[in-house]
Amino acid sequence: MSDERTIEARIYERLSKVIDPELGKSVTDLGMIAAIDVTPMTGGDNTYGVRVRVELTVEGCPLSQAITDRINEAVASYPDATLVPSIEVGSMSQDKLTQLVAGLKSERKQNPFNKPGIKTRIFAIASGKGGVGKSSVTANLAATFAALGYDTAAIDADIYGFSLPRLFGVHSQPTNLNGMLMPVNAWGVKLISIGMFAGADRAILWRGPRLQRSLEQFLSDVWWGEPDVLLLDLAPGTGDMAISVAQALPNAELVVVTTPQPSASDIAVRSGLVALQVPMKVRGVVENMSYYEHKGEKLRIFGEGGGARVSEQLTRSLGYDVPLLAQLPLEPELRETGEAGRPAVLTEEGALRTDGIGDTFKGLAESLMRMPA
């Protein structure tokens, strides 16, 4: 085999380790590498030009630059010669794309999260009533998991009051690959929400079967890969969506969010008591807006003890320990940063903050992952 053909074969092998960030498979397995051509360069000792023709799944793929950068790195870092990469980017033919999507769908003909042996930990974030910061907790917890290195996904299952697109600064729609949706990636988290689709600014009046179907579509018609963690931001209360989650994801684990005052904590208990009627385990309670720190003093603006009350009542009613996992402060920055499109636990560069709120959410995430599935 000539030097050029040897290099082409080894480059192809190196590209088999380049992973498409949306589909979670290598660019070679996905058929994205259409050609590799190696030619000697004049005036350079053991120097070759390498032309790689890449076919992405769709024209204008939002992650085109990320994939190109990874391919460039794989070629340029070749150890046995000096290689000068030239990447030509195009898109797959309709027939090739149809075959790829058919193959991906055949691997996963149904909801991928309830099959035996699934490694994904699924946490459903619930509250008894609205306004307690459940969506903010979901967004910051998801961002924390991602910053800690977990492959993280999140579904905005609050169909009527979706908040995750705003909290993650998402203004784009999922990419549609012949009927299979690619979740939007923001701050390291793969996201899907009804709020990403046209017409979502109108009132949504879904109930019963249609509401359940929306969750099934989010689970089955979106390519999630195999995330380590999946978070669901549930609608407040104990309505249709909570039942749908229990039916579609019997391995989901419930986390109840409350605020300190009795008017919130008493209702929060009911959202946890759903576990008496469906096969979900309540993993713990998060008390939000526990205090406001002012000049070193913790001001209990909404009273205190709500999280502990919920923990104690659920432990007593369910017959197993439901711990108070975290008490989160009332911080204007949490709202301001979240409304601006960045989870407040992250720095502007996307790293996990190392101060109080970052440490608190890190402790919460680690506590949940330590619990046996």
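Scoring rules and cut-offs
- Every chain's residues receive numbers from 1 upward, in the order its sequence appears when written.
- Selection of residues for local features in this predicted model requires a pLDDT of at least 70, selection of side-chain atom pairs for listing and counting requires 80 or more, and totals for whole chains, interfaces and linings are taken over all residues.
- With hydrogens and water set aside, each side-chain value is computed from the structure's full complement of heavy atoms.
- UniProt positions are given in the numbering used here, feature names are shortened, and annotations may be inferred rather than shown by experiment.
- In this scheme, strands are said to pair when DSSP sees at least two bridges between them.
- Labels follow the DSSP assignment, with helices taken as runs of H or I lasting at least four residues and strands as runs of E lasting at least two, numbered in each case from the N terminus.
- Angular values range over 0 to 180 degrees, each being the angle between N-to-C directions of two axes fitted as lines to C-alpha atoms, with helices fitted over their stretch in contact.
- Here the term buried applies to any residue with accessible area under 20% of the maximum for its type, exposed to any over 50%, and partly exposed to those in between, with areas from a 1.4 Å probe on protein chains only.
- By nonpolar core is meant a set of buried Ala, Val, Leu, Ile, Met, Phe, Trp, Tyr and Cys residues that side-chain atoms within 4.5 Å join together.
- Contacts are residue-level and defined by heavy atoms, with any inter-residue pair within 4.5 Å sufficient.

As recorded in an unreviewed UniProt entry, the protein goes by the name Iron-sulfur cluster carrier protein, listed as coming from Bifidobacterium ruminantium. In its Sequence similarities (unreviewed entry) section, the UniProt record describing the protein reads: "Belongs to the Mrp/NBP35 ATP-binding proteins family."

With respect to the sheet that holds strand β3 (residues 82-91)
On the basis of which strands lie adjacent, the open sheet formed by three strands has the order β1-β2-β3 and mixed pairing. Among the strands making up the open sheet, the edge pair consists of β1 (33-40) and β3. With direction set aside, neighbouring strand axes in the sheet form an average angle of 15°. With seven bridges connecting them, β1 and strand β2 (residues 47-56) associate as antiparallel partners. Note that in β2 the partner of I36 across the bridge is V52.

Re the UniProt feature "binding site: ATP" (unreviewed entry) in the protein
The UniProt record annotates "binding site: ATP" (unreviewed entry) at G128, K129, G130, G131, V132, G133, K134 and S135. When its relative accessible area of 6% is taken as the criterion, K134 is described as buried.

Considering the pairing of strand β5 (residues 152-157)
For β5, the tally of buried residues reaches six of six residues, placing the bulk of the element in the interior. Pairing analysis gives five bridges linking β5 to strand β9 (residues 189-193), with the strands arranged parallel. The residue of β9 that forms the bridge with A154 is L191. Bridge count between β5 and strand β10 (residues 229-234): six bridges; the pairing is parallel.

Describing the nonpolar core
L141, F168, L191 and L231 are the most contacted members of the largest nonpolar core, which has 40 residues in total. Top contributing element to this core by residue count: helix α4 (residues 134-147), with seven residues. When neighbours within four sequence positions are excluded, L191 is seen to be in contact with A154, L164, F168, V170, P183, V184, A186, M196 and W224.

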